[in-house]
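# Report on the structure
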Amino acid sequence: MSYQGFISRLSKEEQDFYDIKNAAAEFYKVQRIPQEMERALNELFLHKPEDVHGYLANYFANLSAPPRISRLQGREVYDAGGQLSIETEVFCIVCNKEKSMSSAAISSHLGPKETSLDWKATIQETAEHVMTAVQWINEPLSNMLKIQNPCDQSGVDRILSNFFMACYLKEKDIRNKEESRSPSEPEVVLPSPTHVQSKDQKCGDKGKKNNTAEKPLPSAEPPEQVLPGSLAIGSVSLAVAKTGAQVQGIPLYKYIAALKNTKAPAQFHIPVPLVTLLSCGKNSPGKLSLLEEVILIPKAGQRVKQIITMTLELQKEMMKIINTSTKTGATKAILCDNGAPAVSYERPEQPLDLIIEACTNLGLSLGEEIHLAVNCAAPELMDYSKGKYEVAAGALKSPDELVDMYQTLISKYPVVVALIDPFRREDKHQWEKLSNGIGDSCSLLSDITYKSKAQPLPGVRGHVLKYINETTVSDLIHITSQHHASVLLGTTCREPCSDCSLSDIAVGLGLDYVKLGGLSSAERITKYNRLSSIEEELAQQGILGRVLYTPPLSFFLSFFARQRKRRPDKASKKGVVMPGLENTSHPVSLC
């Protein structure tokens, strides 16, 4: 009987059912369903799992189409400092259903100009920055990244960077048009930030006259403009990276390592965590402003938990000394945003003496188990009206005087092996002069968060980089690859409350050091805990590489190599007396 004859003898309902069966058979054939079903049943019988349906679910899940981004959702959150920030959530289509994959938050930072006297204006500016970021994420960026592969990090970051550049150029064009419409005004030197006197001035010049002709202060470089909404770019990039890691079923640090090296390395090493011990900066309660952070550099080769335990013991001893009012002369201590106690001091020797005394009491060997770094944050201390740095309340230093001060401090405290941002970028002559003067005894580091493409400063051996605003994961990979082993990843003063991705990023990038702040705030302890967790995981898998003694980071190499050759011969059981500390009756001059 012919096909037409057979069909003609069927009822309308039977004909429709027959056509559906044929269409289904053709669909299954094209999709190779019978073959896959047969293979699945054979595998099922071979393994005889206890959970039969779970096994089949996993089997077919592995055959499903790769996840694609369906949408982004941005929301306002609060950071550790109680300021508004942004969090991005990524949704993907997985097995024909929309699923929330990951979320990420990064630090909100308005840049060097974030020192306004008007705190209400700063809060308003932050709110506008975050509100614009939410709009970017929920509308244009969500549409642009729809159906994108979350594992294509470079492709996603390219879209994000192109969008940001288009917004930046548009904003720049608007600004230029507004300036061209405004009446012409005499040209001024850009920028000369107003002097902000945050502490009571006491010592002043004490009638001291200086007949030396001061060199003219180099004009300040134009500040880096922070585009409102730029926070969305970094937040989305990190959220997509976390999604890609989840899709591939690997930790974020392995995912980032694979992005940087094409494939994950055979071994990983844990960056040595640099811990902030004290803060004596501009916002501390005392007169001293120069030591924004005094940072512990532990001996390489220790486990993260060992470093944390040692640092906590050291901090307890320091607080004990402060409370018993010893020669350090501190009057009070408060907790600052970087997770370390901010102590009231007047001279730079005082916090260093405190740490040395605490180390001696605990039997910690200075110059062996412990070294120190100092984040000077000097660009924030420039008084442009006087052309000098206000290193303490009422104590002003010219750039050349500051060079002499650093040299005296380093010769007196050889345990200090690194200075971060000892000058403005514009004071290039002083960077070079200080580097030549201190030689290998101390390394100079520069924060390149806002100047990653700027010409390197003379005498600088290392760079500090923070993950903020429009920085993407691809940018971090590019910058750290470009600077090789000279990058130290750091945190900002206001970190996200629960995101610990920075630890994964530091491990994945293969960095030798990471600066996570102090041990007295939850958002920073979260990052330390994650770093320790990664270390344990790598050790269990047998792929944890160890740095036995000499830290591999180039800006510490020369110092530690020299220290290995010159061991102290006379060391008490309670610690080593550092050269230059036998007589502390001659303080570094501030006034």
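In this text the structure is predicted, and so the values were computed from the model without any measurement. (Residues numbered from 1 in each chain as written. Predicted model: local features only at pLDDT ≥ 70, side-chain atom pairs only at ≥ 80, totals over all residues. Heavy atoms only, no water.)

Here the focus is the overall build of the protein chain. A count of helices and strands for the protein chain gives 16 helices and 18 strands. Among the 591 residues that make up the protein chain, the fraction classed as buried is 48%. For the protein chain, contacts bridging at least 24 residues in sequence account for 71% of all contacts bridging at least 6. Put simply, the protein chain shows about 29100 Å² of open surface, and 53% of that area lies on carbon and sulfur atoms. (Helix = DSSP H or I, 4+ residues; strand = E, 2+ residues; numbered from the N terminus. Buried < 20%, exposed > 50% of the residue type's maximum accessible area, 1.4 Å probe, protein only. Contact = heavy atoms within 4.5 Å. Areas by Shrake-Rupley, 256 points an atom, 1.4 Å probe, with all protein chains shown as cover.)

Turning to the pattern of salt bridges, a few remarks are in order. Within the structure shown, the criterion is met by 19 salt bridges. Between E536 and K305 there is a salt bridge whose closest N-O contact spans 2.8 Å. Of the two residues, E536 is situated in helix α15 (residues 522–541) and K305 in helix α9 (residues 304–323); the sequence distance between them amounts to 231 residues. In this structure E536 comes out as partly exposed when scored by relative accessible area, which is 33%. In this structure, the salt-bridge partner of D427 is R424, at a minimum N-O distance of 3.0 Å. The exposure class assigned to D427 is buried, which follows from its relative accessible area of 0%. (Salt bridge = Lys/Arg side-chain N within 4 Å of Asp/Glu carboxyl O.)

Our focus in this paragraph is the side chain of D421. Mapped onto the secondary structure, D421 falls in the loop between β13 (416–420) and α12 (428–438). Buried and unpaired, D421 has K466 as its nearest opposite-charge partner, separated by 6.4 Å. Residues in contact with D421, not counting those within four places in the same chain, are C376, A377, A378, P379, W431, L445, S446 and D447. (Lys, Arg positive; Asp, Glu negative; His and termini not counted.)

Here the structure, examined in full by the defined rule, presents seven aromatic pairs. Plain terms: the ring middles of F164 and Y168 are 6.4 Å apart, the flat faces sit at 25° to each other, and that makes the pair stacked. Remark: Y168 and F164 occur in helix α6 (residues 153–181); sequence separation between them is four residues, near one turn of the helix. Given the relative accessible area of 12%, F164 is considered buried. Aromatic side chains Y406 and F423 sit 5.5 Å apart centroid to centroid with 85° between the ring planes, which places their arrangement in the edge-to-face category. Placement of Y406 in helix α11 (residues 399–412) and of F423 in the loop between β13 and α12 is noted, with a sequence separation of 17 residues between them. Each member of the pair Y406 and F423 is classed as buried. Among the aromatic residues, those joined into a cluster by ring pairs are Y406, F423 and W431. Over the ring of F45 we find K48; its NZ or CZ atom is 3.8 Å from the centre of that ring. A cation over a ring is seen here: R71 above F91, with NZ or CZ 3.9 Å from the ring centre. (Phe/Tyr/Trp six-rings, centres within 6.5 Å; stacked < 30°, edge-to-face > 60°. Lys NZ or Arg CZ within 6 Å of the ring centre and 35° of its normal.)

The two faces of strand β16 (residues 487–490) match: V487 and L489 on one face and L488 and G490 on the other face are all buried. Bridge count for strand β15 (residues 460–466) against β16 is four bridges, and the pairing is parallel. Bridge pairing in β16 links H463 to V487. Both β16 and strand β17 (residues 513–517) contribute to a ladder of two bridges, which runs parallel. Bridge pairing in β17 links G490 to K515. (Pairing = 2+ DSSP bridges.)

What follows concerns a nonpolar patch on the surface. A cluster of nonpolar residues, F27, Y28, I33, M37, F60 and L63, forms a patch on the protein surface that exposes about 550 Å² of accessible area. Secondary-structure elements contributing two or more residues to the nonpolar patch are α2 (12–30) and α3 (33–47). Here F27 shows up in helix α2. (Patch = residues over 30% accessible without salt bridge, like charges linked within 9 Å, V, L, I, M, F, W, Y side chains within 5 Å.)

Our focus in this paragraph is the packing of α6 against helix α7 (residues 231–248). Contact geometry for α6 and α7: axes closest at 10 Å, N-to-C directions at 170°. By the angle class used here, α6 and α7 are roughly antiparallel. Residues Q153, V156, D157, L160, F163 and F164 of α6 touch α7, and the partners they reach there are I233, V236, S237, V240 and A241. Classifying every residue of the contact of α6 with α7 by side-chain character gives eight nonpolar, two polar and one charged. (Axes fitted to C-alpha atoms, helices over the stretch in contact; angles between N-to-C directions. Parallel < 35°, antiparallel > 145°, perpendicular 65-115°, else oblique. Nonpolar A, V, L, I, M, F, W, Y, C, P; charged D, E, K, R; others polar.)

Another point: the nonpolar core. The biggest cluster of nonpolar side chains holds 120 residues, and the ones touching the most others in it are W136, L141, L290, I370, L372, Y406 and L419. Ranked by residues supplied to this core, first place goes to α7 with nine residues. When sequence neighbours within four positions are dropped, the list of residues in contact with Y406 reads L290, C376, A378, L419, P422, F423 and L434. If you look at the next biggest cluster of nonpolar residues, it comprises 13 residues, including V272, I297, A300 and I420. (Core = buried A, V, L, I, M, F, W, Y, C linked by side-chain atoms within 4.5 Å.)

Let's shift gears to α2. Here α2 contains 19 residues, and its C-alpha end-to-end distance of 27 Å stays within 8% of the 27 Å for a straight helix at 1.5 Å per residue. Downstream of α2 by one or two residues, R32 has phi in the positive range, about 55°. (Expected span 1.5 Å × (residues − 1).)

Let us look at the confidence of the model for the protein chain. Confidence in the prediction for the protein chain averages 81 pLDDT; 80% of positions are at 70 or higher. Here helix α16 (residues 554–565) is the element of the protein chain with the lowest mean pLDDT, 46, and α7 is the one with the highest, 96. This model gives residues 200–212 a pLDDT under 50, and the stretch forms 17 contacts once residues within four places in sequence are excluded. Scored below 50 in pLDDT, residues 548–554 shows 26 contacts in the model against residues more than four places distant or in partner chains. (pLDDT = per-residue confidence, 0-100.)

All right, on to the sheet that holds strand β12 (residues 395–397) then. The three strands are arranged β10-β11-β12 in an open sheet whose pairing can be described as antiparallel. Each edge of the sheet is formed by a strand with only one pairing partner; in this case those strands are β10 (382–383) and β12. Judged from the two bridges that link them, β10 and strand β11 (residues 388–392) form a sheet pairing that is antiparallel. If you follow D383 over to β11, its bridge partner there is K388. Most of the contacts of α11 go to β12, to which it runs at about 100°, and overall it touches β11 and β12.

Look at helix α8 (residues 252–261) against helix α14 (residues 501–508): their axes get within 8 Å of each other, and the N-to-C directions meet at 40°. Classified by the interaxial angle, the pair formed by α8 and α14 is oblique. Pair α8 / α14 crosses with right-handed handedness. Taken together, the residues of α14 that come into contact with α8 (itself represented by L252, Y253, I256 and A257) are S501, D504, I505, V507 and G508. Of the residues that constitute the contact of α8 with α14, the class distribution is six nonpolar, two polar and one charged. (Left-handed = near helix turned anticlockwise from the far one by under 90°.)

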